[in-house]
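Listed here are the chains, written in short residue letters.
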Amino acid sequence: MTGRCGFVAIVGAPNAGKSTLMNRMTGAKLSIVSPKAQTTRFRVLGILMRGESQVLLVDTPGIFQPKRRLDRAMVAAAWTGAADADLVLLLVDARSGATDKVREIAARLGESGRRCWLALNKVDLVAPPSLLPLTETLSKLAAFERTFMVSATTGDGVEALIDALAAAMPEGPHLYPDDDLTDLPDRLLAAEIVREQIFLQTHEEVPYAATAETESFKERKDGSVRIDVTIYVSRPGHKAILIGDKGARIKSIGARSRHELSGLLDRPVHLFLNVKQRAGWDEERARLRAIGLDDPG
Ligand code: GDP
Ligand code: MG
């Protein structure tokens, strides 16, 4: 059988909906989503099967102006994702439109000469007449082969995008087992789910100053799994916020994460969270490697 297989990097500004689209396309929750920018910190691979095609979707962290070492590593991961791909899909929040950030990314894609497509997302939030001018503006910056209008939330237009991507993949053998959904290891997935709850349940700078690492992941004889996750925060005040009054916040983060993980891993989960303060973790190489980012130097 002659198959098709290729990598598609989904790039764009923070909050464009890249992770939501990735999850919608694969029908699984692979990448964590929150209303806050910069939730995704490293590349996540989603394996999408359509007919004889295997489409390897790469969700990338948003591209933004990096300050901390963590931020530099995230942006580097995004551009690496784009450089390794057969096709780059620029996802744009149609409501925010052609912001400076979006123009900059489009221009850089244009200069790279890479094969790129444009997808305007969140069409459920905008009036259709605004889409054409937005497409025209962005098309001046890069030679998009094709343009799609989608809503990652409602699923509008997503099937058409999947079909087009599947047909556009180069011929070749499938690189992953067809029934796999991701190459994300369970340990990393566990830490990501905890981090997602931190993003959903805490505010302001707290989620950005926190990271989660799986310390141990042990299968038990009864079919359940015990997972120990350490949450690192950079300031004592953040630790207090994460723990909450009488431990209420951390209990709630643990309870939601455990529920999510039991579903994703399809078995009972015993989750133990431990909050540690560690000033400057976001500048530490070991911490960055532990969450799957290459050190940008
Ligand atoms: P990312 O930073 O590009 O990965 O963006 P996320 O996938 O984390 O989404 C950012 C926010 O936009 C979340 O609150 C999503 O629920 C929301 N969002 C994503 N796609 C859509 C869409 O098509 N319509 C609407 N209304 N909201 C969306
Ligand atoms: Mg994301």
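Note that residues are indexed from 1 along each chain, following the sequence as it is written. The lettering of chains begins at A and the numbering of ligands begins at 1, in the order of writing. Since the coordinates come from a predicted model, pLDDT governs what is reported: local features require at least 70, and pairs of side-chain atoms require 80 or more to be given and counted, while whole-chain, interface and lining totals use all residues. In computing side-chain values, all of the structure's heavy atoms are included and hydrogens and water are not.

## Focus on the packing of helix H1 (residues 18-26) against helix H5 (residues 158-168)
- Here the axes come from fitting lines to C-alpha atoms, over the contacting stretch only for helices, and the angles between their N-to-C directions go from 0 to 180 degrees. Runs of E in the DSSP output that reach at least two residues are strands. Runs of H or I that reach at least four are helices, and both are numbered from the N terminus. Interhelical geometry of H1 versus H5 gives an angle of 80 degrees and a closest axis separation of 10 Å. When the axes of H1 and H5 are compared, the pair comes out roughly perpendicular. Residue-level contacts link Leu21, Arg24 and Met25 of H1 to Val158, Leu161, Ile162 and Leu165 of H5.
- Tallied by class, the residues present in the contact of H1 with H5 amount to six nonpolar, no polar and one charged. Should an angle fall under 35 degrees it is called roughly parallel, over 145 degrees roughly antiparallel, and 65 to 115 degrees roughly perpendicular, with every other angle called oblique. We call two residues in contact whenever any of their non-hydrogen atoms come within 4.5 Å of each other. The classification used treats Ala, Val, Leu, Ile, Met, Phe, Trp, Tyr, Cys and Pro as nonpolar, Asp, Glu, Lys and Arg as charged, and all other residues, Gly among them, as polar.

## Description of the nonpolar core
- Residues grouped as a nonpolar core are buried Ala, Val, Leu, Ile, Met, Phe, Trp, Tyr and Cys residues, joined through side-chain atoms within 4.5 Å. To sort residues, take the accessible area from a 1.4 Å probe on protein chains only and compare it with the maximum for the residue type: under 20% means buried, over 50% means exposed, and anything in between is partly exposed. Counting residues in hydrophobic clusters, the biggest one holds 26 residues, and the most contacted among them are Leu21, Met25, Leu57, Trp117, Leu161 and Leu165.
- Looking at this core element by element, the count peaks at seven residues for H5.
- Apart from the residues within four sequence positions on either side, Leu57 is in contact with Val8, Ile10, Met22, Met25, Thr26, Val44, Leu45, Gly46, Leu48 and Leu165.

## Quick word on the site of ligand 1
- The environment of ligand 1 is formed by 17 residues, the closest being Asn15, Gly17, Lys18, Thr20 and Asp124.
- Identification of polar contacts relies on pairs of N or O atoms within 3.5 Å, with a donor-acceptor requirement for protein atoms, meaning one able to donate a hydrogen and the other able to accept it, and with residues adjacent in sequence counted only if both atoms are side-chain atoms. Backbone polar atom of Ser19 to an oxygen atom of ligand 1: 3.0 Å apart, as the coordinates give it.
- A distance of 3.1 Å separates an oxygen atom of ligand 1 from a polar atom in the side chain of Ser151.
- The fraction of the free accessible surface of ligand 1 (580 Å²) that becomes covered by protein chains is 85%.
- Here the shell around ligand 1 takes three residues from H1, the largest share from any one element.
- Each residue belonging to the shell around ligand 1 can be placed in one class, and the counts come to six nonpolar, eight polar and three charged. In this text, near means that some heavy atom of the residue lies within 4 Å of the molecule or strand in question. Note on areas: these come from Shrake-Rupley sampling with a 1.4 Å probe, and a residue is covered only by the protein chains present in the view.

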